[in-house]
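Observations on the model geometry
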Amino acid sequence: MSLFGAIDTSASGLTAQRLRMDLVSNNIANINTTRTGKLTPAGNQIPYSRQVATFVPSASETSFTSVLGGTLEGQNVGNGVQVASIANDVQEPFGMEYNPNSPDAAKVAEAGLPLGYVRQPNVNIATEMVDMISASRAYEANVTALNVSKSMAAKALEIGKG
């Protein structure tokens, strides 16, 4: 691993957790959004759907020879995390509220949506708060790792002074 490999790894974690916090903020901001401009085939409104990010490890070399060759040439040989996708949460069902006077109420009954009901976003504030705390703690851990890496690099430079 190059001198800056640990810093690159921490930086990728910081970027990923910042994105996760952005998604949590967006989910909370849209907790009452029942109109997204999208309609079902029957013509009923589709509410905001919670968004989640999927992370995967950054691509790294698998063979020892490739890793050793990349390290000797000063290349970063992978490590870290990257965002694979941002997708709508399809596991949580939409909430339902009976409000026939709402402009977003179902005008045509369809499977899972009776007449007069309004679909509510599948955003749960408790879940979002847990995700926010988790992302915040992971961000803090990456900042700590980044500071330790910087400190180690500074100490290594001091050794050279003699």
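This structure is a prediction, so every number in the text was calculated from the model and none was measured. Residue numbers run consecutively from 1 along every chain, following the written order of its sequence. Two thresholds apply to this predicted model, a pLDDT of at least 70 for residue-level local features and 80 or more for giving and counting side-chain atom pairs, whereas whole-chain, interface and lining totals are computed over all residues. No hydrogens and no water enter the side-chain calculation; it runs on all heavy atoms of the structure.

Looking at the environment of P114
A run of H or I in DSSP counts as a helix once it spans at least four residues, and a run of E counts as a strand once it spans at least two, with each numbered from the N terminus. As for its position among the elements, P114 is in the loop between β3 (95-98) and β4 (117-120). Separated by 16 residues in the primary sequence, P114 and Y98 have C-alpha atoms spaced 9.0 Å apart. Apart from the residues within four sequence positions on either side, P114 is in contact with M96 and A106. Residue contacts follow a heavy-atom distance rule, with two residues in contact if any of their heavy atoms lie within 4.5 Å.

Digging into helix α3 (residues 125-161)
Taking 1.5 Å per residue as the helical rise, α3 with its 37 residues ought to reach 54 Å, and the 54 Å between its terminal C-alpha atoms agrees with that figure. For the exposure calls, accessible area comes from a 1.4 Å probe over protein chains only, and a residue counts as buried if that area is under 20% of its type's maximum, exposed if over 50%, partly exposed in between. Every buried residue belonging to α3 is among E128, D131, A135, N142, L146, S149 and A153, and all of these are buried. Buried residues belonging to α3 abut α1 (5-29). One fewer than the residue count of a helix, multiplied by 1.5 Å, yields its expected span.

Notes on the packing of α1 against α3
Every angle, taken between N-to-C directions, lies between 0 and 180 degrees, and every axis is a line fitted to C-alpha atoms, over only the stretch in contact when it is a helix. Two elements in contact, α1 and α3, have axes whose closest approach is 9 Å; the angle formed by their N-to-C orientations is 160°. On the basis of their axis angle, the class for α1 and α3 is roughly antiparallel. Our pair here, α1 against α3, has a crossing hand that is left-handed. Side-chain classes follow a simple rule in which Ala, Val, Leu, Ile, Met, Phe, Trp, Tyr, Cys and Pro form the nonpolar group, Asp, Glu, Lys and Arg form the charged group, and the remainder, Gly included, forms the polar group. For the contact of α1 with α3, the per-class residue count stands at 15 nonpolar, 8 polar and 5 charged. Any angle that falls under 35 degrees is termed roughly parallel, while one over 145 is termed roughly antiparallel, one within 65 to 115 roughly perpendicular, and all others oblique. Crossing handedness follows the turn of the near helix against the far one: under a right angle anticlockwise gives a left-handed crossing, and clockwise gives a right-handed one.

Focus: the UniProt feature "domain: Flagellar basal body rod protein N-terminal" (unreviewed entry) in the chain
UniProt positions are given in the numbering used here, feature names are shortened, and annotations may be inferred rather than shown by experiment. UniProt feature "domain: Flagellar basal body rod protein N-terminal" (unreviewed entry): in the numbering of this structure it lies at residues 7-35. The distance separating the terminal C-alpha atoms of residues 7-35 is 43 Å; by composition the span is 79% helix and 0% strand.

Section: the pattern of salt bridges
In the sections that follow, a salt bridge refers to a side-chain nitrogen of Lys or Arg positioned within 4 Å of a carboxyl oxygen of Asp or Glu. Taken as a whole and assessed by the stated rule, the structure comprises 6 salt bridges. D104 is paired through a salt bridge with R35; the nearest N and O atoms lie 2.5 Å apart. In this pair, D104 is assigned in the loop between β3 and β4 and R35 in the loop between α1 and β1 (51-57), connecting sequence segments 69 residues apart. Exposure remark for D104: the relative accessible area of 11% places this residue in the buried category. Given a relative accessible area of 45%, R35 falls into the partly exposed group. Across the salt bridge formed by R50 and E128, the nearest N and O atoms sit 2.4 Å from each other.

A short note on the environment of R50
With respect to the secondary-structure elements, R50 resides in the loop between α1 and β1. Residues R50 and L23 lie 27 residues apart in sequence; the distance between their C-alpha atoms is 8.6 Å. Not counting residues within four places of it along the chain, the set of residues in contact with R50 comprises N27, A87, N88, D89, N122, V123, T127, E128 and D131. Contacts described as polar in this section are N or O atom pairs within 3.5 Å, which, within protein, must combine one atom able to donate a hydrogen with one able to accept it, while residues neighboring in sequence count only if both atoms come from side chains. A polar contact of 2.4 Å, which involves the side chain of R50, links it to the side chain of E128.

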